[in-house]
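Spelled out, the chains give:
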Amino acid sequence: MFAEAGPDFSAQVCPEASLGDLSPLAIAHFREAWAKKANDARRLTWSDAQTLADAELTVDGHVTYAALILFGTRAALGRHLAQAELVFEYRSSEASGPAADRAEYREGFLLWHDDIWAKINLRNDRQSYQDGLFRLELPTFDEAPVREALLNAIAHRDYRLGGSVFVRQYARRLEIVSPGGLPPGVTLENILDQQNPRNRRLAEALAKVGLIERSGQGMNLMYESAIKQGKALPSLAGTSIHEVRLTLSGTLNSPDFVRFIERLGAEKIRSFSTHDFLALDILRRDEELPPSLRTVIPGLVAAGAVESVGRSRGVRFILSRGVYAALGGKGTYTRKRGLDRATNKALLLKHIRDNATAGSQMEEFRQVLPALKRSQIQVLLRELRTEGSVHNVGTTRAARWFPGQGPGTPEIGTI
């Protein structure tokens, strides 16, 4: 329907709007917050017209759409930009039908941005977990990521489309649907690293009062918060070229991981990047680290959060011994780290000796050492053969292994 990229809609002048369409109270809130963030009390003396002009929210005295979105009265938005609306629904179950609670916000964002959080927080229960002798609690919906999600929806939606932003709260999840797909250049794959504000003038104004960062780290904050609180990652499932669907999970899935993060200490946590947290979350779930995240491992090892197991291409990574010890999970650590090299070789040798008559094959060795890859077992077999403890007859998958040093032992090849 529209060009992928074009002039900033929020910076354009609304021809029919005037300063009388803006709420003086909302402008006053903006001016106070801007003066505080800039540490400049002189701004408090500015008139509404000067405040708007200096924030580039008016052009030669004419009101921009960004000004309407931030400060517009209900009547003004109804006349000039009715789609600048957020609809909140609370649903106590998945059943279809009328929502248990519904509210519509169609006036300047700065007039209601605290009200929408208060509405969500009304039914924001707390989930508890045990930490030693203490029972601690976490909110189902943490305020910081929820506010970031709401700001993202307001700042980055496509105001050229007629739909409203919808916020649906369930007992354990929050869904936010905003018109327009992801901004040009931003994809589901690069959303943590690529920023391109669709409404730049609006985003700049929100940054002036400290509501968002110009660096566009809102999605990063949502991911980090979910990981630190042991919750599922934010989901963008259902996002299309027409709308962005964001789901924040409120369920505490891993109290152990919450305790693990706390054991690392606040100073280390502050130094971690979003990719550091993603790597820790993947290791927590016993999944393979993608190549793009392996670059953060040295820093996590230096921080004492991660240890490496194995060498070369067979290396893998686990959460550190110190963390598991602090959590009372020494056995879990030993299981994940696996047996040491000498013990692994001893187990292979015992199996080969116990089956000396028929010989032993690779599939049997993989049953003996299920935590190791085929290539890692091959390395151990080569070492045993070099030591004269075993020899192989045949190559490739048909190779059989026998105890002792055999005459003219062939190379292992592909076992």
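Residues numbered from 1 in each chain as written. Predicted model: local features only at pLDDT ≥ 70, side-chain atom pairs only at ≥ 80, totals over all residues. Heavy atoms only, no water.

### Some points on the pattern of salt bridges
So, point 1. One pass over the full model with this rule turns up 29 salt bridges.
So, point 2. With a shortest N-O distance of 3.2 Å, Asp-101 and Arg-123 are connected by a salt bridge. Residue Asp-101 is found in strand β4 (residues 101-105), and its partner Arg-123 is found in the loop between α5 (109-121) and β5 (126-131); the two are separated by 22 residues along the sequence.
So, point 3. The class for Asp-101 is buried, based on a relative accessible area of 15%.
So, point 4. The partly exposed category is assigned to Arg-123, whose relative accessible area is 30%.
So, point 5. Put simply, Asp-281 and Arg-284 hold a salt bridge, and the shortest N to O gap is 3.0 Å. Remark: Arg-284 and Asp-281 occur in helix α11 (residues 274-284); sequence separation between them is three residues, near one turn of the helix.
So, point 6. In this structure Asp-281 comes out as buried when scored by relative accessible area, which is 2%.
So, point 7. The exposure class of Arg-284 is partly exposed, given its relative accessible area of 22%. (Salt bridge = Lys/Arg side-chain N within 4 Å of Asp/Glu carboxyl O. Helix = DSSP H or I, 4+ residues; strand = E, 2+ residues; numbered from the N terminus. Buried < 20%, exposed > 50% of the residue type's maximum accessible area, 1.4 Å probe, protein only.)

### Some details on the nonpolar core
So, point 1. Formed by 94 residues in total, the largest nonpolar core has its most connected members in Leu-57, Phe-71, Leu-86, Ile-120 and Leu-280.
So, point 2. Formed by 14 residues, the second largest nonpolar core is a distinct cluster that contains Leu-348, Met-362, Leu-372 and Leu-381. (Core = buried A, V, L, I, M, F, W, Y, C linked by side-chain atoms within 4.5 Å.)

### Here's the deal with helix α6 (residues 143-156)
So, point 1. Under the 1.5 Å per step criterion, the end-to-end length of α6 is 20 Å for 14 residues, consistent within 8% with the ideal 20 Å.
So, point 2. A large share of α6 lies buried, amounting to ten of its 14 residues.
So, point 3. All of the buried residues along α6 are Pro-145, Val-146, Glu-148, Ala-149, Leu-150, Leu-151, Asn-152, Ala-153, Ile-154 and Ala-155. (Expected span 1.5 Å × (residues − 1).)

### Remarks on the side chain of Ser-10
So, point 1. Mapped onto the secondary structure, Ser-10 falls in the segment before α1 (24-38).
So, point 2. Residue classification places Ser-10 among the buried residues on the basis of a relative accessible area of 0%.
So, point 3. A polar side-chain atom of Ser-10 sits 2.8 Å from a polar atom in the side chain of Asp-8.
So, point 4. At 3.2 Å, the side chain of Ser-10 and the backbone nitrogen of Leu-202 are in polar contact. (Polar contact = N/O pair within 3.5 Å; in protein donor to acceptor, adjacent residues only side chain to side chain.)

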